[in-house]
Amino acid sequence: EAGVAQSPRYKIIEKRQSVAFWCNPISGHATLYWYQQILGQGPKLLIQFQNNGVVDDSQLPKDRFSAERLKGVDSTLKIQPAKLEDSAVYLCASSPAGRGDTQYFGPGTRLTVL
Amino acid sequence: GEDVEQSLFLSVREGDSSVINCTYTDSSSTYLYWYKQEPGAGLQLLTYIFSNMDMKQDQRLTVLLNKKDKHLSLRIADTQTGDSAIYFCAERAGSGGYNKLIFGAGTRLAVHP
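In short, a report on the structure. (Residues numbered from 1 in each chain as written. Chains lettered and ligands numbered in written order. Predicted model: local features only at pLDDT ≥ 70, side-chain atom pairs only at ≥ 80, totals over all residues. Heavy atoms only, no water.)

1. Overview of the pattern of salt bridges
Residues and elements named next belong to chain B. The final tally for this structure, using the stated rule, is 4 salt bridges over all chains. Here Asp83 makes a salt bridge to Arg60, at a shortest N to O gap of 3.0 Å. Remark: Arg60 occurs in the loop between strand 6 (55-58) and strand 7 (61-66) and Asp83 occurs in the loop between strand 8 (71-76) and strand 9 (85-93); sequence separation between them is 23 residues. With relative accessibility at 7%, the residue Asp83 sits in the buried group. (Salt bridge = Lys/Arg side-chain N within 4 Å of Asp/Glu carboxyl O. Helix = DSSP H or I, 4+ residues; strand = E, 2+ residues; numbered from the N terminus. Buried < 20%, exposed > 50% of the residue type's maximum accessible area, 1.4 Å probe, protein only.)

2. Structural notes on the state of the cysteines
One pass over the full model with this rule turns up 2 disulfides over all chains. Each sulfur of the disulfide joining Cys23 of chain A and Cys92 of chain A lies 1.9 Å from the other. Taking the sign of the S-S torsion, -70° for the link of Cys23 of chain A and Cys92 of chain A, the bridge is left-handed. Taken together, the residues Cys23 of chain A in strand 3 (residues 19-24) and Cys92 of chain A in strand 9 (residues 88-95) connect sequence positions 69 residues apart. For Cys23 of chain A, a relative accessible area of 0% gives the class buried. Through a disulfide, Cys22 of chain B is tied to Cys89 of chain B; the S-S separation comes to 2.0 Å. (Disulfide = S-S within 2.5 Å.)

3. What about the packing of aromatic side chains?
Enumeration over the complete set of coordinates arrives at 14 aromatic pairs over all chains. Among the aromatic side chains, those forming a connected cluster through ring pairs are Tyr33, Tyr35 and Phe105 of chain A together with Tyr31, Tyr33, Tyr35, Tyr48, Phe50, Phe88 and Phe103 of chain B. Sitting above the plane of the Tyr48 of chain B ring, Lys56 of chain B keeps its charged end 4.0 Å from the centroid. (Phe/Tyr/Trp six-rings, centres within 6.5 Å; stacked < 30°, edge-to-face > 60°. Lys NZ or Arg CZ within 6 Å of the ring centre and 35° of its normal.)

4. What to know about the sheet that holds strand 3 of chain A
All names here are of chain A. Spatial strand order, 1-3-8-7: 4 strands in an open sheet with antiparallel pairing. The open sheet has two edge strands with one neighbour each: strand 1 (5-7) and strand 7 (65-68). Taking the axes of each pair of neighbouring strands and ignoring which way they run, one obtains an average angle of 15° across the sheet. Bridge count for strand 7 against strand 8 (residues 75-79) is 4 bridges, and the pairing is antiparallel. Bridge pairing in strand 8 links Glu68 to Thr76. (Pairing = 2+ DSSP bridges. Axes fitted to C-alpha atoms, helices over the stretch in contact; angles between N-to-C directions.)

In structure tokens form, the structure reads like this:
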């Protein structure tokens, strides 16, 4: 079974630029999560999708971050404009169904904002 | 509020046992998890325990849960150099149908010969 795929693996941008990350969850997984992991910290949930609907985006800085999951499969997370403090690893995870099932993580995208 | 705390570093000798500790705050947590993260990689689920259990063993891994003290530990027997990584404790928190994971900051385990 293929795992969660993410791209790109690394991205370096300057502040105020825009960036987008892509995630392809495990086939058949209804729930998709985006986490932000700042160096030295644990992952923090940004947004959670159930199929193509948002069930929790309380921690998403909506003035600059946006995410979508069209057709309930792949997802993109966008930052516009980026700030220095957005430097982090962005992890995507998926689980079979919504109710707190075991989450499986992708390798992450490491973003550096200069 | 929801919070998970872990010690930041642990150094052990190869072949010894490692014990990584974690405390959490949400008494309604139903599941508690241990994830492993190697350099440049995502999080790998190691094991989890349901809140009505106080111990779970899986090969070299033993999880102990003290629900009264909200304390969770992960014991790795016969620690190997390949066990060097960051270990994250996480609690399932929230209410309703869609829960989320709250992670600690991670414990960096260093295994030396």
